[in-house]
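# Analysis of the macromolecular model
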Amino acid sequence: MVTICMVGTGYVGLVTGACLADFGNRVICVDVDAQRIEMLKNGRVPFFEPLLEDLVQRNYEAQRLSFTADLPSAVREASIVFIAVGTPDRGDGHADLSYLFKVVEDISPHLSGYKVVVTKSTVPVGTGRRVQQMLHDLLPAGAEADVASNPEFLREGSAIEDFMRPNRVVIGAETDRAREQMRELYRPLYLLETPIVVTGIETAELIKYASNAFLAVKISYANEIANLCERVGADIKVVAKAMGLDHRIGSKFLHAGVGYGGSCFPKDTEALIKIAETAGTDARIVRAAVDVNRERAAIAVDKAHKLLGGLSGKTIALLGLAFKPNTDDVREAAALKIHALLRRHGAAVRAFDPVAMERVRSLALDLTLCSSAYEAMQGADAMMLVTEWNEFRTLDLQRMRQALRQPVVIDCRNVYDRERMVELGFRYDAFGA
Ligand code: NAD
């Protein structure tokens, strides 16, 4: 049994910590947010992630998983220290590494014997090397530490399944000792025949950005083709479906709509552009994907504008606030961008999301939060479906029509059947047809 210190208990740190505990390790989770640690000690998970609360409780009760704000003691007890703190956009496209470097500074004095320091956060190429240098400068006499990069590919909303059954595990390390410890940690997955890619630190760091940016490119490509479909009378749903049947292309991430959001794709694409720039090359395709994505919210709002003959004084119901279904994460959510544009055009906004209401309430935005989809639509001039939660796919369309003051629907995720909506008397628009 290995003792692991997991620094950061957000979507990635807590899921990774709970899953590694479930593998039979002892995991001590640390966070600077004392309230978060208190919640966790009381068996409550501070954000919405399916199945996570059960996994946390089970491993907490089995005393494999614990929570503390006391970083020094957690570091002293562990043989592997994972860093899973945020690396947000620092405002100019570059990743903000201040949280990560603060952790490295804070853990260094408490390292003793031999330990592996693993970066789980998504970090620009070269960060591992800087961490190595910092440790070299700050390590107490007699202590030894190796650096490893172990980027995470889980998706919010299916994070446990993604961690437990990943397509691959990536380990960047440079010494046999570090490689062995990391391989051993992921042994339960190796036994399930999960491919484990063991490589250098820079390569591991780049795999994460290259993967996320590729998926973003795929989405923007589908959106670009959707724009074309609208002009030439083609249907993106059929185009994308037929494209996806080609195994070389694959059907995933070809859905046209309001574009990508969330805490990863927007910042990771921007960061990759900056990484390339710093390295003296130009990530042109990624830049184009970012440009295409940036326009999506405005295109959606323009559709509402056209169907209503103007937005000033109108009320719009937004269904879905989270950046995607099955999470309460609203970072870079399309709904927030649409909300800002609607307000700028003088429209009032009513909104509902199955789980993200509290998060949005804490942002104190100028909108009315409602207790159901039907309540949000009551008396509104139009409904915009922004997050494709299952419960919105199965709304009673007659009731929807009765609730709305005008039967106008902008389907930002291409969820409803256009013919049926028109048949029912809706003025309906979606993307790419
Ligand atoms: P998050 O914002 O949900 O969590 C970060 C946590 O770190 C917070 O609880 C914060 O209080 C804590 N923290 C900050 N500074 C700290 C410190 N000095 N000591 C201890 N704790 C500290 O972030 P996240 O979504 O879990 O993302 C973490 C990293 O993983 C990012 O680099 C992100 O890009 C990457 N990632 C995220 C996802 C995802 O879906 N969210 C997927 C893959 C990779």
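Definitions and limits used
- Residues numbered from 1 in each chain as written.
- Predicted model: local features only at pLDDT ≥ 70, side-chain atom pairs only at ≥ 80, totals over all residues.
- Heavy atoms only, no water.
- Near = heavy atom within 4 Å.
- Polar contact = N/O pair within 3.5 Å; in protein donor to acceptor, adjacent residues only side chain to side chain.
- Areas by Shrake-Rupley, 256 points an atom, 1.4 Å probe, with all protein chains shown as cover.
- Helix = DSSP H or I, 4+ residues; strand = E, 2+ residues; numbered from the N terminus.
- Domains from an automatic or database assignment.
- Buried < 20%, exposed > 50% of the residue type's maximum accessible area, 1.4 Å probe, protein only.
- Phe/Tyr/Trp six-rings, centres within 6.5 Å; stacked < 30°, edge-to-face > 60°.
- Lys NZ or Arg CZ within 6 Å of the ring centre and 35° of its normal.
- Salt bridge = Lys/Arg side-chain N within 4 Å of Asp/Glu carboxyl O.
- Pairing = 2+ DSSP bridges.
- Contact = heavy atoms within 4.5 Å.
- Axes fitted to C-alpha atoms, helices over the stretch in contact; angles between N-to-C directions.

Take the site of the ligand next. Not every one of the 26 residues close to the ligand is listed here, only the nearest: V12, D31, T87, E156 and K267. Contact between the ligand and V12: an oxygen atom at 2.8 Å from a main-chain N or O atom of the residue. Within the side chain of D31, an N or O atom sits 2.6 Å from an oxygen atom of the ligand. About the coverage of the ligand: the protein hides 88% of its 840 Å² of free accessible area. Listing elements by their share of the shell around the ligand, those giving two or more residues are α1 (11–22) and α5 (98–107). Two domains each provide a minimum of three residues to the shell around the ligand, namely domain 1 (3–199) and domain 2 (214–429).

A positive phi angle, close to 60°, is found at Q63, a residue other than glycine. Its relative accessible area of 68% is what places Q63 among the exposed residues. Its identity is not glycine, yet E332 carries a phi of approximately 55°, on the positive side. As for its position among the elements, E332 is in the loop between β9 (315–319) and α15 (334–344). The class of E332 is partly exposed, set by a relative accessible area of 45%.

All chains considered together, the criterion is met by seven aromatic pairs. On the numbers, 6.2 Å between centres and 40° between planes, the contact of F23 with F163 is tilted. Here F23, found in the loop between α1 and β2 (26–30), pairs with F163, found in helix α7 (residues 159–164); they are 140 residues apart in sequence, far enough to count as distant. For F163, a relative accessible area of 3% translates into the label buried. Note on F352 and F392: the rings are 6.2 Å apart at their centroids and 70° apart in plane angle, and the pair reads as edge-to-face. A residue pair is termed long-range when its members are at least 10 positions apart, and F352 in strand β10 (residues 348–352) and F392 in helix α18 (residues 390–393) qualify at 40 residues. Both residues of the pair, F352 and F392, count as buried. The structure contains a cluster of three or more aromatic residues connected by ring pairs, namely F23, F163 and Y186. One residue, R177, lies across the ring of Y114, its end atom 3.7 Å from the ring centre.

This paragraph deals with the pattern of salt bridges. This structure, assessed with the given rule, holds 32 salt bridges. Between E38 and K41 there is a salt bridge; the shortest N-O distance is 4.0 Å. Of this pair, E38 and K41 both sit in helix α2 (residues 34–41), three residues apart, which is roughly one turn of the helix. A cluster of three or more residues bridged by salt bridges with shared partners is formed by E230, K303, R418 and D429.

Turning our attention to the sheet that holds strand β11 (residues 368–369). The parallel open sheet is built from six strands, whose spatial order is β11-β10-β9-β12-β13-β14. Two strands bound the open sheet, and with one partner strand each, they are β11 and β14 (427–429). Bridge count between β9 and strand β12 (residues 382–385): four bridges; the pairing is parallel. For A317, the partnering residue across the bridge sits in β12 and is M383. This element, helix α14 (residues 296–308), spans β9, β12, β13 (408–411) and β14 of the sheet and lies at about 160° to β13. Relative to β9, α15 is tilted by about 175°, and along the sheet it contacts β9, β10 and β12.

The alternating pattern of β12 places A382 and M384 on one face and M383 and L385 on the opposite face, and all of these are buried. Of the strand pairs in this sheet, β12 and β13 are connected by three bridges, and their pairing is parallel. Along β13, the bridge assignment pairs L385 with D411.

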